[in-house]
Amino acid sequence: MYEAFNSSILEARHKSIITMLDEIRVKIMCRIVEKRAFCEKWNNDYGPLVKKKFDAQKKEGVKWRVHWNGDNGIEVKKGRRQYVVNLKKKECSCRLWQISGIPCAHACCAIWHDEGNPDEFLHRYYSSQSYLKAYQYALQPINGSHEWKKIELEPMLPPSARKMPGRPKKNRRKAKDEPKKSSTVEQLSRIGRIMTCSICGIEGHNKLGCSQNKTTTREGPSQVRGKGKQKVNHDQTFAVNTTKSSTKAKGKGKVIRLPKVDKGKQNSTEPVRRPTRNRKPSLKGMGLYTNLKTGEQTFYSGTKPGIKIVEASGITSSDTTGTSRKRKAFVDPVGTQQSQLKRK
């Protein structure tokens, strides 16, 4: 109730205190008059909202069967469900009658069996007399603020405004089970819908997945879904696109044909010819090398043969005793120590 009242004063609650209270007073004064006129239009002794709920319980009570014990105990049964109704205490074991004050479907069935009228068992708070008692007092009109008596006290100032964190809320808080109102028409869910093919008429698939649909088959190489690549036959030829750095190399723009592979020889280990490319010269091993026996120094550039730079005749094997523990350089920069031993 407080949320419904709060939503009706959205414009008034953002104004000053005196103006807000005056607008709320006018709304309540007009509401009392409207509720009195609304009660006079009732066709029954209770309101239309109560009548809608009461009629639904009466309609459901026709489907139940009654078993009476000869006293106040009445057993109402429908299928495997059964409840006990006590008309004197106005109680039902389903507890719906005690909570709402409106006789439930089981109570209506028991009342009809007792040749009574269910309207007489409705709670008295739903009657038109109780409704009018709630609105019997009216608010009296008052003059405007310019006619109010002025006193000698200082005027009351409003509190200092402070900006609260977050965006101010104007809409009321809705319940969890309250349906949401949408301006646009929501699209129905396709969950549980059974598709029927328009070609073969069989349920479980549509025309796109039908085996009798000839338009879905495509000619040419099959396409791998999600990768955008095509299966390539071994008979297909490839042209080698050479880069600018290898335009002077031999075999520029060659067309290489891959050999055919039989089905029985798909797992064979025969080598396949691949297009060659010119690699950059390796500079591995480049540096100045010294022969420990002769003392000759040779510079190795990586690809060119060694260039003799200095000849030192004064160096003997006895001069290298101090460096015996150190790692010896290769005499031949291209070969290894083992290859030099084999040559000797």
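Nothing here was measured: the structure is a model prediction, and the numbers come from that model.

Rules of the game
Residues numbered from 1 in each chain as written. Predicted model: local features only at pLDDT ≥ 70, side-chain atom pairs only at ≥ 80, totals over all residues. Heavy atoms only, no water. Pairing = 2+ DSSP bridges. Helix = DSSP H or I, 4+ residues; strand = E, 2+ residues; numbered from the N terminus. Phe/Tyr/Trp six-rings, centres within 6.5 Å; stacked < 30°, edge-to-face > 60°. Buried < 20%, exposed > 50% of the residue type's maximum accessible area, 1.4 Å probe, protein only. Axes fitted to C-alpha atoms, helices over the stretch in contact; angles between N-to-C directions. Left-handed = near helix turned anticlockwise from the far one by under 90°. Contact = heavy atoms within 4.5 Å. Nonpolar A, V, L, I, M, F, W, Y, C, P; charged D, E, K, R; others polar.

Q: Would you mind going over the sheet that holds strand 3 (residues 81-86) with me for this structure?
A: Pairing between the strands of a sheet is mediated by backbone hydrogen bonds and can be parallel or antiparallel. Taken in spatial order, the four strands make up an open sheet running 1-2-3-4, and their pairing is antiparallel. Bordering the open sheet on either side are strand 1 (65-68) and strand 4 (91-92), each of which pairs with just one other strand. With four bridges connecting them, strand 1 and strand 2 (residues 73-78) associate as antiparallel partners. Bridge pairing in strand 2 links valine 66 to valine 76.

Q: Just checking my understanding: could you explain the packing of aromatic side chains for this structure?
A: Remark: the centre distance and the inter-plane angle together describe each pair of aromatic rings, the angle taken between the planes. By the definition in use, this model includes six aromatic pairs. Between tryptophan 42 and tyrosine 131, the ring centres sit 4.9 Å apart and the planes meet at 55°, which makes this aromatic pair tilted. On the criterion of sequence distance, the pair formed by tryptophan 42 in the loop between helix 2 (17-40) and helix 3 (48-61) and tyrosine 131 in helix 6 (residues 128-134) is long-range, its members being 89 residues apart. On the basis of relative accessibility, which here comes to 15%, the residue tryptophan 42 falls in the buried class. Relative to tyrosine 83, the ring of tryptophan 64 lies with its centre 5.9 Å away and its plane at 55°, an arrangement referred to as tilted. With tryptophan 64 in the loop between helix 3 and strand 1 and tyrosine 83 in strand 3, the pair connects residues that are 19 residues apart, well separated along the chain. With relative accessibility at 7%, the residue tryptophan 64 sits in the buried group.

Q: Help me understand the packing of helix 3 against helix 5 (residues 105-113) in this model?
A: When two helices pack together, their arrangement is given by the angle between the helix axes and the distance between those axes. One way to put it is that helix 3 packs onto helix 5 with a least axis distance of 8 Å and a crossing angle of 65°. In the packing of helix 3 onto helix 5, the handedness of the crossing is right-handed. Contact with helix 3, carried on its side by Phe54, Gln57, Lys58, Glu60 and Gly61, involves Ala105, Cys108, Cys109 and Trp112 of helix 5 and no other residues of that element. Tallied by class, residues from the contact of helix 3 with helix 5 come to five nonpolar, two polar and two charged.

Q: Even after reading the chapter, I still don't get unusual backbone geometry, so can you show me in this structure?
A: What you tend to see is this: most non-glycine residues have negative phi, and most peptide bonds are trans. Even without a glycine there, the phi angle at lysine 90 is positive, about 55°. Structurally, lysine 90 can be placed in the loop between strand 3 and strand 4. Non-glycine residue arginine 95 carries a positive phi angle of around 70°. Residue position: arginine 95 is located in the loop between strand 4 and helix 4 (96-100).

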